[in-house]
Amino acid sequence: MKPLAYLTGYAPEIIEEVSDMLARDELGAWLLAKYPQCHPYRNEKALYAYAQELKTRYMRQSPALAKVAYDPRLHVLHNALGIHRKVSRVHGNRLSARNEIRIAAVFRKAPQAFLDMILVHELAHLKVSEHDRSFYQLCRHMAPDYDQMELDTRVWLTYTDSVGDLYGTDAGPD
């Protein structure tokens with residue numbers, strides 16, 4: 001069986017359990033039982049509003065967000081699920097930087113918890129650039145079950161890569 005790329009770094013018991021569930025064709029049912037619906041934020045306007053809501057709730061003093069968007073090339077080009085970047089623009093003799101968050105398009109039809117995990121992760125980068133202890137403390141402050149959400153997201157991505165779309169085309173409101 002091919003290695004489960006999204007689960008590298010996890011305990012061998014977890015990898016084995018996911019691998020066994022995938023082989024027995026039980027992983028999809030388990031994911032659907034735990035996460036029966038997709039989030040309602042299908043377009044960039046709704047995604048931006050939701051990201052702003054999270055930022056306002058947990059990170060009022062952080063820099064402003066200029067853009068939050070789904071990016072269909074992100075997963076392939078950057079080998080990332082989300083990315084935070086500062087985009088610099090020249091305005092006359094001034095240089096201005098804008099914060100942008102791009103989310104892999106695979107999350108357009110994903111459970112709410114998985115989108116939350118990605119947004120929390122990228123929003124935390126507004127304050128802490130490195131993946132260190134303070135970064136993960138901030139992630140857990142915004143989403144107390146961040147670690148479980150990250151594992152479940154990786155399991156879902158493993159399923160999606162192996163089998164395909166879990167939610168099909170009628171996965172909730174567009």
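The structure reproduced in this document is the subject of the present report. Everything numeric here is computed off the predicted structure, so don't read it as measured data.

## Overview of the pairing of strand 1 (residues 65-71)
Then, number 1: Counting buried residues in strand 1 gives five out of seven residues, a clear majority hidden from the surface.
Then, number 2: As paired strands, strand 1 and strand 3 (residues 94-104) are joined by six bridges and run parallel to one another. For Asp71, the partnering residue across the bridge sits in strand 3 and is Ala104.

## Notes on the packing of helix 5 (residues 112-124) against helix 7 (residues 146-162)
Then, number 1: Their axes nearest at 9 Å, the elements helix 5 and helix 7 cross at an angle of 115°. Along this stretch, helix 5 crosses helix 7, giving a crossing that reads as left-handed. Contact residues: helix 5 offers Ala113, Phe114, Asp116, Met117, Val120 and His121, while helix 7 offers Tyr146, Met149, Glu150, Asp152, Thr153 and Trp156.
Then, number 2: Looking at the contact of helix 5 with helix 7 residue by residue, the class counts come to seven nonpolar, two polar and three charged.

## Let's talk about the pattern of salt bridges
Then, number 1: In the structure shown here, the tally under the stated rule is nine salt bridges.
Then, number 2: One salt bridge connects Lys109 with Asp165, and the closest N-O pair in it is separated by 2.7 Å. Of this pair, Lys109 sits in the loop between strand 3 and helix 5 while Asp165 sits in the segment after helix 7; the two residues are 56 residues apart in sequence, bridging distant segments of the chain.
Then, number 3: For Arg140, the salt bridge goes to Asp147, with nearest N and O atoms at 2.8 Å.
Then, number 4: The exposure class of Asp147 is partly exposed, given its relative accessible area of 39%.

## Some thoughts on the packing of aromatic side chains
Then, number 1: Using the criterion set out here, one finds six aromatic pairs in the structure.
Then, number 2: Pairing Phe114 with Trp156 gives two aromatic rings, centres 5.4 Å apart and planes at 40°, and the pair type is tilted. Residue Phe114 is located in helix 5, and its partner Trp156 is located in helix 7; the two are separated by 42 residues in the primary sequence.
Then, number 3: Judged by its relative accessible area of 0%, Phe114 is buried.

## Side note on the packing of helix 3 (residues 44-58) against helix 5
Then, number 1: Across the interface, helix 3 lies against helix 5 with an axial gap of 11 Å and an inter-helix angle of 60°. Like other packed secondary-structure pairs, helix 3 and helix 5 cross with a definite hand, here right-handed. Contacts between helix 3 and helix 5 pair Leu47, Tyr50, Ala51, Leu54 and Lys55 from the former with Gln112, Leu115, Asp116, Leu119 and Leu123 from the latter.
Then, number 2: Residues that form the contact of helix 3 with helix 5 fall into these classes: seven nonpolar, one polar and two charged.

## A short note on a negative patch on the surface
Then, number 1: Judged by side-chain charge, Glu13, Glu16, Glu17 and Asp20 come together as a negatively charged surface patch.
Then, number 2: Residue classification places Glu17 among the exposed positions, given a relative accessible area of 51%.

## A closer look at the nonpolar core
Then, number 1: With 51 residues, the main nonpolar core has Leu27, Ile103, Phe107, Leu115, Leu119, Leu123 and Trp156 as its most contacted residues.
Then, number 2: For this core, the secondary-structure elements that each account for two or more residues are helix 1 (12-23), helix 2 (27-34), helix 3, strand 1, strand 3, helix 5, helix 6 (133-142) and helix 7.
Then, number 3: Among the elements that line this core, the one with the most residues is helix 5, at nine residues.
Then, number 4: If we ignore the near neighbours within four places in the chain, the residues touching Trp156 are Leu31, Val106, Phe107, Lys109, Ala110, Pro111, Phe114, Leu166 and Tyr167.

## Some details on helix 5
Then, number 1: Here helix 5 spans 18 Å end to end across 13 residues, near enough to the 18 Å set by a 1.5 Å rise per residue.
Then, number 2: Helix 5 sits mainly inside the fold: twelve of its 13 residues count as buried.
Then, number 3: If you check which residues of helix 5 are buried, you get Ala113, Phe114, Leu115, Asp116, Met117, Ile118, Leu119, Val120, His121, Glu122, Leu123 and Ala124.

## So, unusual backbone geometry
Then, number 1: The backbone of Asp25 sits at a positive phi, close to 60°, despite the residue not being glycine.
Then, number 2: When its relative accessible area of 60% is taken as the criterion, Asp25 is described as exposed.

Conventions used here
The residue count restarts for each chain, going from 1 along the sequence in the order it is written. Residues qualify for local features only when their pLDDT is at least 70, as the model is predicted, and side-chain atom pairs are given and counted only at 80 or more; totals for whole chains, interfaces and linings, by contrast, use all residues. Computation of side-chain values covers all heavy atoms of the structure but excludes hydrogens and water. Residue exposure (1.4 Å probe, protein chains only): buried if accessible area is under 20% of the type maximum, exposed if over 50%, otherwise partly exposed. Think of it this way: any DSSP run of H or I at least four residues long counts as a helix, any run of E at least two long counts as a strand, and we number them from the N terminus. Two strands are said to pair when DSSP picks up at least two bridges between them. Where helices are involved, their axes are fitted lines through C-alpha atoms of the stretch in contact, as for all axes, and angles between N-to-C directions lie from 0 to 180°. Throughout, a crossing is termed right-handed when the near helix is turned clockwise from the far one, and left-handed when it is turned anticlockwise from it by less than a right angle. Any pair of residues with heavy atoms lying within 4.5 Å of one another is described as a contacting pair. In this classification, the charged set is Asp, Glu, Lys and Arg, the nonpolar set is Ala, Val, Leu, Ile, Met, Phe, Trp, Tyr, Cys and Pro, and all remaining amino acids, among them Gly, are polar. Think of a salt bridge as a Lys or Arg side-chain nitrogen and an Asp or Glu carboxyl oxygen that are within 4 Å of each other. Two aromatic rings from Phe, Tyr or Trp, using only the six-membered ring of Trp, form a pair when their centres are within 6.5 Å; if the ring planes differ by under 30 degrees the pair is stacked, by over 60 it is edge-to-face, and anything between is tilted. Nonpolar side chains (Val, Leu, Ile, Met, Phe, Trp, Tyr) within 5 Å and like charges within 9 Å form the patches, drawn only from residues with over 30% relative accessible area and no salt bridge. Method for areas: the Shrake-Rupley scheme with a 1.4 Å probe, in which residue coverage is limited to the protein chains shown. His is not counted, nor are the chain ends, whereas Lys and Arg count as positive and Asp and Glu as negative. By convention, the charge on Lys lies at NZ, on Arg at CZ, on Asp at CG and on Glu at CD. The term nonpolar core refers to a set of buried residues drawn from Ala, Val, Leu, Ile, Met, Phe, Trp, Tyr and Cys, joined through side-chain atoms within 4.5 Å. Here a helix's expected span is defined as the number of its residues, less one, multiplied by 1.5 Å.

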